Amino acid sequence: MTDTDFMRLALLEARKAASLGEVPVGAVLVLNGEIIATGFNQPISRHDPSAHAEMLALRAAAEKMGNYRLPGCELFVTLEPCIMCAGAMMHARLARVVYAAPDLKTGAAGSVINPFDDRRLNHHTEVLGGVLAEEAAQMLSGFFALRREQQKAARQS
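What you see is a predicted model, and the numbers here were worked out from it, not measured in a lab.

About the cut-offs
- Just so you know, the residues in each chain are numbered from 1, in the order the chain's sequence is written.
- Local features in a predicted model are, by the rule used here, given only for residues with pLDDT of at least 70; side-chain atom pairs are given and counted only at 80 or more, and totals for whole chains, interfaces and linings are based on all residues.
- Only hydrogens and water are set aside when side-chain values are computed; all heavy atoms of the structure are taken into account.
- What is meant by a nonpolar core is a set of buried Ala, Val, Leu, Ile, Met, Phe, Trp, Tyr and Cys residues, joined one to another through side-chain atoms within 4.5 Å.
- Residue exposure (1.4 Å probe, protein chains only): buried if accessible area is under 20% of the type maximum, exposed if over 50%, otherwise partly exposed.
- The numbering of helices and of strands both runs from the N terminus, where a helix is a DSSP run of H or I of at least 4 residues and a strand a run of E of at least 2.
- Two residues qualify as a contact provided that any one of their heavy atoms is within 4.5 Å of a heavy atom in the partner residue.
- Each cavity reported here is a set of points on a 1 Å grid over the protein atoms alone in which a 1.4 Å probe fits but cannot get out, each pocket an open set with protein on both sides within 12 Å along at least five of seven lines, and each lining residue one with an atom within 4 Å of a point.
- Grid points are joined across faces, edges and corners, and a volume is the space filled by probe spheres set on the points.
- Classes in brief: Ala, Val, Leu, Ile, Met, Phe, Trp, Tyr, Cys and Pro nonpolar; Asp, Glu, Lys and Arg charged; the others, Gly included, polar.
- Aromatic pairing here means that ring centres of Phe, Tyr or Trp (its six-membered ring) are within 6.5 Å. Orientation follows from the plane angle: under 30 degrees is stacked, over 60 is edge-to-face, and everything else is tilted.
- In short, DSSP must find at least two bridges between two strands for them to pair.

(A) Broad picture of the nonpolar core. M7, L29, L58, L70, M89 and L94 are the most contacted members of the largest nonpolar core, which totals 45 residues. Among the secondary structure elements, those contributing two or more residues to this core are α1 (3-19), β1 (26-31), β2 (34-40), α3 (53-65), β3 (73-79), α4 (83-91), β4 (96-101) and α5 (133-156). Here L58 is in contact with L29, L70, A88, M89, A92 and L94, once residues within four sequence places are set aside.

(B) Fine view of the layout of surface pockets. Considered as a void within the structure, the largest pocket measures approximately 480 Å³ in volume. In terms of lining, the largest pocket is formed by 20 residues, of which the most central are V23, L79, D103, T106 and F144. The leading source of residues in the lining of the largest pocket is α5, at five residues. Split by residue class, the lining of the largest pocket holds 11 nonpolar, four polar and five charged.

(C) Spatial organisation of α4. When α4 is considered as a whole, its buried residues turn out to be C85, A86, G87, A88, M89 and M90. Close packing links the buried residues of α4 with α3, β3 and β4. Trailing α4 by a residue or two, R93 shows a phi angle of about 65 degrees, which is positive.

(D) Molecular detail of the packing of aromatic side chains. In this structure the tally under the stated criterion is two aromatic pairs. Aromatic pair F6 and F76: ring centres 5.1 Å apart, planes at 35 degrees, arrangement tilted. With F6 in helix α1 and F76 in strand β3, this pair connects stretches of sequence that are 70 residues apart. Each member of the pair, F6 as well as F76, carries the same accessibility label: buried.

(E) Local environment of the pairing of β1. Buried residues dominate β1, accounting for six of its six residues. Here β1 shows no split at all, with G26, V28 and V30 on one side and A27, L29 and L31 on the other all buried. Judged from the six bridges that link them, β1 and β2 form a sheet pairing that is antiparallel. Note on β2: the bridge partner recorded for L31 is E34. Hairpin connection of β1 to β2: two residues between the antiparallel strands, including N32 at a positive phi of 50 degrees. Taken together, the five bridges between β1 and β3 define a ladder with antiparallel strand orientation. The residue bridging V30 from the neighbouring strand is E74, located in β3.

(F) Expanded view of the environment of S157. Looking at the secondary structure, you find S157 in the segment after α5. Taking the C-alpha atoms as reference, S157 lies 33 Å from E135; in sequence the two are 22 residues apart.

Written as structure tokens, this is what we have:
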């Protein structure tokens, strides 16, 4: 499978989040071309600020592999990781992170800050952005447009 194929699967995970009213972000964790774990945003429904798609995929993969280190693994995520997720990815020793849409407000893979590029840190994860960026961005903007409409309708009633 290609990066695009894995990102399409991450977009399917993001749709699961949207169906729950969560921000539509999905993640797929891969080792040697095999899917090890998936995740989708659930901080609202789980009442857990750390329940981002990436964090849930990392937790599931670590449990499956019996190790908190995930060397050689690649994570495909539909939105540029935040600083919390970036830190967890580096601690897990991921080989590579591939994201779709940039996050111009909280992105921690180059849009706002980039710990992945900080040579003072002891692990360096390769990062690639922009894979299916337009599809992911459209899903996110559609979600937020719908949310604004719902909020406006609620205020008017």
